[in-house]
Amino acid sequence: MAEYSDRKDRTITTRWQTTGDLAKFILSHDLNHLDDWGGKEAVREILPEHFQKNFDMIQTDLINCLLEEKNKQTAMAFADNISSWGEWLHAQLDEGKKVVYHYFIHTIEPLLALDFAPICFEILSGLTSALYTDGCEEGIDAIEAEGYPDHLCSSNKGAAGYLLKGYIPQPSCFLKGSAPCDTSNRIYEWAAHKYKVPLIVIEAPYYMNERAHKFLTEEMKRMIVKLEKIAGKKLEQDKLRYYIQLSNEAVDYVAKIQELRKIVPCPDTGWHRPADTIFTAQLGTPFARDYFKALYENVKERVDKGQGVIPEGKKEKRLAWGYTWEAFDLPFFNWLENKHGAIYTEDTLTYFPMDTEMIDTTNMETMLAGLGRRMMQMPMARQVMSFSDVWIKDFVDISRAYKVDALAIGGHMACKHFWALNKLLSDKVKEKTGVPTLRFEMDMMDKRFTSPAELRRIMDDFFATF
Amino acid sequence: MLILGCDVGAIATKTVIFGDTGIVAYDITVNNGNLKKVVEKSVDTAISKAGMLLECIEVKAGTGMGEQYIPFEHTTEGIIKCLAVAVHRIHPHARTIVDMGGLITTVISISEKGKVLEYRTSDKCASGSGFFLKLAAQALELNVEDLGDIIIPCGERAHMGTQCAVFGESEIVSHMNDGEAPEKIVAGINYSLGSSVATMINRLGGIQDIVATGGVAKNKSVLRAIEEILGMEVITLSSIDEQLVGALGAALCAQQRMQQ
């Protein structure tokens, strides 16, 4: 049995680790639905005691979604990832490694090479929201009680609340790219001030071009000098190369999966796609590489067999998510497949551009230049380190390449930059490709804003017009 | 063949019994705390007006926000499509539908064949909805049904600086405290509501004929405001109560489904 920490400051990460192990335990049994074993209560009774409390917290619909035959393989990869990552993180903390909370548009190879314990701040909210019945609402409520405005981003609020409550480890540093939004910039400033630790900011360039790339590469160098000072050691070329190679392998799998998703019928399931954002924030670790490798093998197997993921007899409708979706309801995407035959092609938060390059690991200079370019291409950073043209072009290209039938956009209520762009995006995609857009209001990680039932109603209405 | 269509909306539940000659019977019941009972009552009333039993109705269809409260087996129809199908059947020249319901206002652009081209809903905002009018009527101690009868020249209506239902209520109280005549406040409210709906219509191109449905479409003052702002006529359907269009659409969608 794995060791689970009972330290308060590991509440959230231990919860994930336990959920990963619990999911692996359940998935290893011949079960396609909790009802096969007499329902959730009956299953609880036969679980080892150390899983029972965690089991009570997990969304029932999510468990049933993961148990569906088509989702089992990716569910196992997901469970493996959060279990191994949790175990690894706790080992790093036990060794006394310093915690750096970073924004999700960063790749973390330099942090790993400098022996930090990196934790993506937004993923703390996102994954907790995705897995548990109570989501990350305790964190959101805690930070709002502190005075943080309720209309700002829940992805920052959940994690900041956990920090306040002492549920996650104390930071040594915060690392923040200044794009895309003021909301996130402010909360990182607040947290650094509150916990009296440095905040390293990577300034965002104004556009996606060579000048911007050079600027970001210089920002990378500046960041490394600051990180070296906190780490008390110099960045070693070979160590950085090792983590970048892992990162390259993961990105290569992502690119291959993206290519396969263009096939009709779509060979990839939708439930894990919001979760893929989590693993993008792990680029540079073996966990991300292993996760995307498992996804690729799952998708490739379906392609080889000529299989899709929607029920037989349904006509496939190909959706692209022009911006966000709700992280709190992963089974929603499985429901879309099963009820409406709607598959998930691409989205803004996991999409790597079709011309994504591998990082050249020849020497320190090429690696830093590559990291600068990758940061420029990271999901969401790419779209907002520019005027609206990059975002629009991406979705015109996606609509064509993936033979998209409709664009769906969950408008995250805190995202001012998106609300400034949303009509331009949908109008241009319609004009260039004829693809219609569904736009609706929601909060990515707080289901109290737009509930799962409401989301399903919105979708039912939309698909009825097809 | 008889078809039952039931639209469980935010403020009222509407049921129609549709037969070969058109609507045979209908009911509109205002929702209260127990939606399941309201739905049962509305259905019971409609079928008893039609003089038959539920078992005699071959096809049953439901739509609206509370459709899951319909207690018998039925097909589920999307409200947008229901509105498009029903309006197209009654008024084939319609190209824009403005459904002003209890909680949500929806503007739908449809093709010559009645297919939905584009639609827009007010979503989280209650401005432009019956709920906004209900709040306003409560603040003014008037009946919501009476608000539409007040039509006064534009220069005389009270200015409403907000389209938000919540802030609107406090603005009404401020006008009352300033001694503004209730009819001028009502005229201001209706204009404000019409203005937010007109903006939605404009965003979808405002193509004529524009047909208004939903409970708020019974408010002539709001319709007049929309027409004034758009410079276009807004039509209501004389052959059917404005609130019943969604329920009729559910019945027609179910009929289409059977014919396919």
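Owing to the predicted nature of the structure, the values given are computational and were not obtained by experimental measurement. (Residues numbered from 1 in each chain as written. Chains lettered and ligands numbered in written order. Predicted model: local features only at pLDDT ≥ 70, side-chain atom pairs only at ≥ 80, totals over all residues. Heavy atoms only, no water.)

For the rest of this paragraph, the subject is the domain arrangement of chain B. All names here are of chain B. When its domains are assigned, chain B resolves into domain 1 (1–91 + 239–260) and domain 2 (93–236). Using only C-alpha atoms to locate each centre, domain 1 and domain 2 end up separated by 25 Å. With 15 residues of domain 1 at the interface, the matching set in domain 2 holds 28 residues. Regarding the contact of domain 1 and domain 2, the summed buried area is about 1600 Å², with carbon and sulfur atoms giving 75% of it. Three residues stand out in domain 1 for area buried against domain 2, namely Ile80, His91 and Glu242, and they jointly supply 40% of the buried area on that side. The tally of links from domain 1 across to domain 2 stands at seven residue pairs in polar contact (both at pLDDT 80 or more). For the side of domain 1 that touches domain 2, the leading source of residues is helix α2 (residues 79–90), giving six residues. A class-by-class count of the residues in the side of domain 1 that touches domain 2 yields nine nonpolar, three polar and three charged. (Domains from an automatic or database assignment. Contact = heavy atoms within 4.5 Å. Buried area = accessible area lost by both parts, 1.4 Å probe. Polar contact = N/O pair within 3.5 Å; in protein donor to acceptor, adjacent residues only side chain to side chain. Helix = DSSP H or I, 4+ residues; strand = E, 2+ residues; numbered from the N terminus. Nonpolar A, V, L, I, M, F, W, Y, C, P; charged D, E, K, R; others polar.)

A word on the nonpolar core. Counting 193 residues, the largest nonpolar core has Phe121, Trp321, Leu336 and Met459 of chain A as the members making the most contacts within it. The residue makeup of this core includes at least three contributed by each of domain 1 (1–91 + 239–260) and domain 2 (93–236) of chain B. When near neighbours in sequence (up to four residues on either side) are disregarded, Phe121 of chain A contacts Tyr101, His102, Ser155, Asn156, Ala159, Ala160, Leu163, Phe174, Ile187 and Tyr188 of chain A. By size, the runner-up hydrophobic cluster in this structure holds 32 residues, among which are Ala158, Leu193, Ala217 and Leu223 of chain B. (Core = buried A, V, L, I, M, F, W, Y, C linked by side-chain atoms within 4.5 Å. Buried < 20%, exposed > 50% of the residue type's maximum accessible area, 1.4 Å probe, protein only.)

Moving on, we come to the environment of Thr121 of chain B. Residues and elements named next belong to chain B. Along the chain, Thr121 turns up in strand β8 (residues 116–121). C-alpha separation for the pair Thr121 and Leu53, spaced 68 residues apart in sequence, amounts to 36 Å. If we ignore the near neighbours within four places in the chain, the residues touching Thr121 are Ile104, Thr105, Thr106 and Met200.

Before going further, it helps to examine the interface of chain A and chain B. Interfaces are frequently sized by the accessible area removed from exposure as the parts join. Between chain A and chain B, the contact holds 15 residues from the first and 14 residues from the second. Interface area, chain A with chain B, both sides summed: about 1300 Å², of which 48% is carbon and sulfur. There are zero salt bridges connecting chain A and chain B. Where chain A touches chain B, the interface holds one residue pair in polar contact (both at pLDDT 80 or more). A per-element tally of the side of chain A that touches chain B places helix α20 (residues 452–464) of chain A first, with five residues. Grouping the amino acids of the side of chain A that touches chain B by side-chain chemistry returns seven nonpolar, two polar and six charged. (Salt bridge = Lys/Arg side-chain N within 4 Å of Asp/Glu carboxyl O.)

With that out of the way, let us pick up the sheet that holds strand β8 (residues 437–442) of chain A. Residues and elements named next belong to chain A. The four strands are arranged β6-β5-β7-β8 in an open sheet whose pairing can be described as parallel. Both outer strands of the open sheet, β6 (342–347) and β8, are each paired with one neighbouring strand and no more. On average, adjacent strands in this sheet sit at an angle of 30° to one another, irrespective of strand direction. The sheet contact formed by strand β5 (residues 317–321) and strand β7 (residues 406–412) spans three bridges and is parallel. Following the sheet pairing, Trp321 is matched in β7 by Ala408. (Pairing = 2+ DSSP bridges. Axes fitted to C-alpha atoms, helices over the stretch in contact; angles between N-to-C directions.)

Residues and elements named next belong to chain A. Scanning the entire structure with this criterion turns up five cavities of 30 Å³ or more. Estimated volume of the largest cavity: approximately 290 Å³. As for the largest cavity, its lining consists of 30 residues, of which Phe104, Ser155, Leu349, Met444 and Met445 are closest to the centre. Going through the elements one at a time, α7 (121–131), α9 (154–165), α10 (182–194) and α13 (273–280) are the ones with two or more residues in the lining of the largest cavity. For the lining of the largest cavity, the leading source of residues is α7, giving five residues. (1 Å grid on protein atoms, 1.4 Å probe; cavity = no way out; pocket = protein on both sides within 12 Å on 5 of 7 lines; lining within 4 Å. Points joined across faces, edges and corners; volume = space filled by probe spheres on them.)

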